[in-house]
Amino acid sequence: MRLDRRSVSTLSRRIWQTWEHVTSNPTKGQQNFLSQLLRRNQSTVFGKEHGFASIQNIDDYRRQVPIADYERFRPYVEQISAGARRVLTREQPFMFTLTSGTTGEAKLIPVTKAAQTIHGKLTTLWYCRAFLDHKRCFDGKVLGVVSPSVEGLTRAGIPYGSASALIYGSSPPWVKRRRAIPHEVSEIKDFTAKYYVTMRLGVEQDISFFGTPNPSTILKLVETADHFKEEMVKDIREGGISHHFELADDIRQKLVSRLSANPKRSKELDRFVSEGQNLRPAEYWPRLKLIGCWKGGTVGVRLREFDRWFAKETPVRDLGYMASEAQISLPISDRGAAGILAIDANFYEFIPEEEIASEQPNTLTCEELREGETYYLILTTPGGLYRYDINDVVRVTGFHGKTSLIEFVRKDREVTNLTGEKLHVNQFIQAIEDAQRAVGLQARYYRAFADSEKSRYAVLVELEDARFDNKQLLSLLTALDQRLQQLNIEYAQKRLSLRLAPPVLWVMKPGTFERHYNASFRHGRRDTQFKAQLLSETPADPIDILLAIEDSKVKR
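Cut-offs used in this document
- Here the residue index of a chain counts from 1 through its sequence in written order.
- Totals for whole chains, interfaces and linings use every residue, but because this is a predicted model, local features are given only for residues with pLDDT of at least 70 and side-chain atom pairs only at 80 or more, for both listing and counting.
- Note that water and hydrogens are dropped before the side-chain values are worked out from all heavy atoms of the structure.
- Strands here mean DSSP runs of E at least two residues long; helices mean DSSP runs of H or I at least four residues long; both are numbered from the N terminus.
- Atoms counted for the radius of gyration: C-alpha only. Globule rule: 2.2 Å times residue count to the power 0.38.
- Accessibility here uses a 1.4 Å probe with only protein chains present; expressed as a share of the type maximum, an area under 20% marks a residue as buried, one over 50% as exposed, and anything in between as partly exposed.
- In this description, contact between two residues means that some pair of their heavy atoms is separated by no more than 4.5 Å.
- The Shrake-Rupley method, run with a 1.4 Å probe sphere, supplies the accessible areas, and residue values consider only the shown protein chains as cover.
- In this charge count, Lys and Arg are treated as positive and Asp and Glu as negative; neither His nor the chain ends contribute.
- For the purpose of locating charges, the reference atoms are NZ of Lys, CZ of Arg, CG of Asp and CD of Glu.
- Put simply, buried Ala, Val, Leu, Ile, Met, Phe, Trp, Tyr and Cys residues joined by side-chain atoms within 4.5 Å make one nonpolar core.
- When DSSP locates at least two bridges between a pair of strands, those strands are taken to pair.
- Whenever Lys or Arg places a side-chain nitrogen within 4 Å of a carboxyl oxygen from Asp or Glu, that contact is recorded as a salt bridge.
- Aromatic pairing here means that ring centres of Phe, Tyr or Trp (its six-membered ring) are within 6.5 Å. Orientation follows from the plane angle: under 30 degrees is stacked, over 60 is edge-to-face, and everything else is tilted.
- To estimate the expected span of a helix, subtract one from its residue number and multiply by 1.5 Å.
- Put simply, a patch holds well-exposed residues, over 30% relative accessible area, that have no salt bridge, with like charges counted together within 9 Å and Val, Leu, Ile, Met, Phe, Trp or Tyr side chains within 5 Å.
- Angles shown run from 0 to 180 degrees and are taken between the N-to-C directions of axes, each axis being a line fitted to C-alpha atoms and, for helices, limited to the stretch in contact.
- The labels follow the angle: roughly parallel below 35 degrees, roughly antiparallel above 145, roughly perpendicular from 65 to 115, and oblique for the rest.
- By convention the crossing between two helices is left-handed if the near helix lies anticlockwise of the far one by an angle smaller than a right angle, and right-handed if it lies clockwise.
- Residues were grouped as follows: Ala, Val, Leu, Ile, Met, Phe, Trp, Tyr, Cys and Pro as nonpolar; Asp, Glu, Lys and Arg as charged; and all remaining residues, including Gly, as polar.
- Polar contact is defined as a pair of N or O atoms within 3.5 Å, subject to the rule that within protein one atom must be able to donate a hydrogen and the other to accept it, and that residues adjacent in sequence are counted only when both atoms are side-chain atoms.
- Pairs of cysteine sulfur atoms within 2.5 Å are what we label disulfides.
- pLDDT measures the predictor's confidence residue by residue and takes values from 0 up to 100.

### Looking at the overall build of the protein
- When helices and strands are tallied, the protein shows 18 helices and 22 strands.
- The C-alpha atoms of the protein give 25 Å as radius of gyration, which agrees with the globular expectation for 556 residues (24 Å, within 12%).
- For the protein, the C-alpha atoms occupy an extent of roughly 70 × 65 × 45 Å along the three principal directions.
- Relative to its 556 residues, the protein shows a buried fraction of 56%.
- At a minimum sequence separation of 6, the contacts of the protein that also span at least 24 residues come to 68%.
- Carbon and sulfur atoms provide 48% of the accessible area of the protein, an area that totals close to 24800 Å².
- Seen as two clouds, the 80 positive and the 70 negative side-chain charges of the protein have centres 5 Å apart.

### Observations regarding the nonpolar core
- Formed by 74 residues in total, the largest nonpolar core has its most connected members in Leu88, Ile328, Tyr348, Phe350 and Tyr386.
- Looking at which element gives the most residues to this core, the answer is helix H6 (residues 113–133), with nine residues.
- In this structure, Tyr386 is in contact with Leu37, Asn41, Phe46, Phe52, Tyr61, Val65, Pro66, Phe73, Leu88, Thr89, Leu379 and Thr380, ignoring residues within four places of it in sequence.
- Of all hydrophobic cores here, the second largest spans 45 residues; its members include Met199, Leu259, Trp309 and Phe310.

### Remarks on the pairing of strand E12 (residues 374–380)
- Most of E12 sits out of view: seven of its seven residues are buried.
- Examined bridge by bridge, strand E11 (residues 347–352) and E12 share six bridges and lie antiparallel to one another. Looking at the pairing, Tyr348 lines up with Leu379 of E12.

### Comments concerning the pattern of salt bridges
- Following the criterion strictly, the structure yields 31 salt bridges and no others.
- Arg287 is the salt-bridge partner of Asp206, the closest N and O atoms lying 2.3 Å from each other. Here the residue Asp206 occupies a position in the loop between helix H9 (191–203) and strand E6 (207–211), and Arg287 occupies one in the loop between helix H14 (281–284) and strand E7 (290–292), the gap between them amounting to 81 residues.
- Assessed through its relative accessible area of 31%, Asp206 is described here as partly exposed.
- What makes Arg287 partly exposed here is its relative accessible area of 39%.
- Note that Asp226 and Lys229 form a salt bridge whose closest N and O atoms lie 3.2 Å from each other.
- Salt bridges linked by common partners bring Asp59, Arg62, Glu349 and Arg387 together as one network.

### Quick look at the sheet that holds strand E8 (residues 316–317)
- Taken in spatial order, the four strands line up as E3-E6-E7-E8 in an open sheet, and their pairing is parallel. The strands lining the two open edges of the sheet, one partner per strand, are strand E3 (141–144) and E8.
- Two strands pair when backbone bridges link them, and E6 and E7 are joined in this way by three bridges, in the parallel orientation. The residue bridging Phe210 from the neighbouring strand is Ile291, located in E7.

### Focus: the packing of aromatic side chains
- Evaluation of the coordinates by the stated rule reveals 28 aromatic pairs.
- Measuring from ring centre to ring centre gives 6.1 Å for Phe73 and Tyr388, while their planes differ by 65°; the resulting arrangement is edge-to-face. Here the residue Phe73 occupies a position in helix H5 (residues 70–81), and Tyr388 occupies one in strand E13 (residues 388–400), the gap between them amounting to 315 residues. In this structure, Phe73 and Tyr388 share a single accessibility class: buried.
- Their ring planes at 85° and their centres at 4.9 Å tell us that Tyr284 and Trp285 sit as a pair that is edge-to-face.

### Side note on the pairing of strand E2 (residues 107–111)
- Of all five residues making up E2, five are buried, and the element is well covered by its neighbours.
- Here strand E1 (residues 95–99) pairs with E2 via five bridges, running antiparallel. Each bridged residue has a counterpart across the sheet, and for Thr99 the counterpart in E2 is Lys107.

### Brief notes about H6
- For H6, which comprises 21 residues, the first-to-last C-alpha distance of 30 Å matches the rise-based estimate of 30 Å (1.5 Å per residue) to within 8%.
- A large share of H6 lies buried, amounting to 15 of its 21 residues.

### Details of a positive patch on the surface
- Judged by side-chain charge, Arg39, Arg40, Lys48, Arg85, Arg86 and Arg90 come together as a positively charged surface patch.
- Within the secondary structure, Arg39 sits in helix H2 (residues 26–40).

### With respect to the packing of H9 against helix H11 (residues 229–238)
- The contact between H9 and H11 brings their axes to 10 Å, and the two run at 55°. The pairing of H9 with H11 is recorded here as oblique in orientation. For the pair H9 and H11, the crossing hand works out as right-handed. Contacts between H9 and H11 involve Tyr196, Met199, Arg200 and Val203 from the former and Glu231, Met232, Asp235 and Ile236 from the latter.
- Tallied by class, residues from the contact of H9 with H11 come to five nonpolar, no polar and three charged.

### A look at unusual backbone geometry
- Even without being glycine, Arg86 reaches a positive phi, approximately 50°.
- The backbone of Leu498 sits at a positive phi, close to 70°, despite the residue not being glycine.
- On the secondary structure map, Leu498 appears in the loop between helix H17 (489–496) and strand E19 (504–508).

### Brief notes about H17
- Within H17 the residues assigned to the buried category are Glu490, Tyr491, Ala492, Lys494 and Arg495.
- Check the buried side of H17 and you find it contacts E1, strand E18 (456–463) and helix H16 (470–487).
- Between the side-chain oxygen of the N-cap and the backbone nitrogen of Glu490 there are 2.9 Å, and the N-cap of H17 in question is Asn488.
- Following H17 by one or two positions, Leu498 adopts a phi angle in the positive range, close to 70°.

### Some details on the state of the cysteines
- The full count for this structure, using the stated rule, is zero disulfides.
- Cysteine Cys128 is unpaired, with the sulfur of Cys137 as its nearest cysteine sulfur at 10 Å.
- On the accessibility criterion, Cys128 (1% relative accessible area) is buried.

### A closer look at the confidence of the model for the protein
- Overall, the predicted model of the protein reaches an average pLDDT of 89, with 94% of residues at or above 70.
- Mean pLDDT values for the elements of the protein range from 57 in strand E22 (residues 553–555) up to 98 in helix H3 (residues 45–49).
- Low pLDDT (under 50) marks residues 523–531, which in the prediction has ten contacts with non-local residues, meaning those over four places away or in another chain.

### Brief notes about the packing of helix H1 (residues 5–23) against H6
- H6 packs onto H1 with a crossing angle of 120° between their chain directions and a minimal axis gap of 9 Å. In terms of their interaxial angle, H1 and H6 are classed as oblique. You can see that H1 and H6 cross each other, and the crossing is left-handed. Residues Arg5, Val8, Ser9, Ser12, Arg13, Ile15, Trp16 and Trp19 of H1 form the contact with H6, whose participating residues are Leu122, Thr124, Leu125, Cys128, Arg129, Phe131 and Leu132.

Listed below in structure tokens is the structure:
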């Protein structure tokens, strides 16, 4: 199927001109967005409780609606999920996106048709801008990976699913027609099988654009193709899918019915197998013109591994700052992770990073931001989140006209995020306390750090008793990992999909905590100012490690 390049080019330029007009006056755009949103939702339960009808300006909005995290909205969302109407928005949500909370209870994020329209607009803008900058990136097929669009139903029968599926589903028609992977693949439960089938289908095709939010997913896909290259070559030659991989019968039948023997392609790939070389996209996708994935925060660390698999000249563009709650930015360059703030998609407020601990922090609007500064982001969305503290830190890297360019820096307030799991310190504390009780082991001190290099969590413990049993420590590590998966659905998904490696347990030498505690006061800090970071990105000093347990092995 040939791409109508002239039509796409005309559409892209027209859409881009409209976007340029919108971003030329961010102050007006933000004021209009907020006033229309409040007026539209003034008769809702939340709108009446907070006096939306009487709000005349941003100062009124700030006085009448407090900044809040998800737990403030949970009771309202529970009403909606049970079937109540006009709770947060006049327009009834047609679905929820699912993400992890700060405890073991997941968060359901309402999605209205208005929010879906915004998703579609920003997604189309991203593709259009990519096309204008890389004219050949859609000459071949588009390969993307998403989670299921529907993962369950609420009590009232409202579906909930992944934000990635919502965004992927909002792609423009000319992109949808070029998809290499049928939707049935997203329904495959076993992740090794899902990765294999994705690449078994993808390797056979001419892929010119490869995109999925997390770079760790991209790496896992190409590593899977290489690991199972003999089976893949055989499957392509015979037109099947190996029974080595667990697939539901109906999914297997639908996929195989579309396949046919391809000895020519098999022969091309077999050369790499017979010569003992890695099976790499650099060779089997020679027309790959663009990769789209996140480049900011800790997930961006894994981009350095791309050179092993892809041609060095293949550009990588950030897909934009997005979350289950909202799409927030539009990248227009392959450099860095920054994107233009989507001023007509949400209403934004920013708290300077140094003021976040203040009882009454100063909140800024987008026109008050300064280049190079970092801020906490407060969101108001068309889905019904008002002055919502998303717990993200962003940086302003510059301006596109008068509109800020922002990039995601990190989750904060003791949340770590290696591959999208958003692990909260409360979840870690509960998991390790439960694990200790389960195996009958007591740690005098513990903490964990997110190891971005190895995409795993290292758990440091200093034991009460110097005598310990290695089997008991192995049981502790296993119980901790299992409990974290129970408490955090996204941790479980990332572990299941192999994007997050198994955790490692490090037994620390006696007195390690005391030494670090004392060292913190060398520069005059008082003991009342000391706060142990139980979950962070700060690694341990290898000299303090007495014993390491990982992958059911004990290392001294």
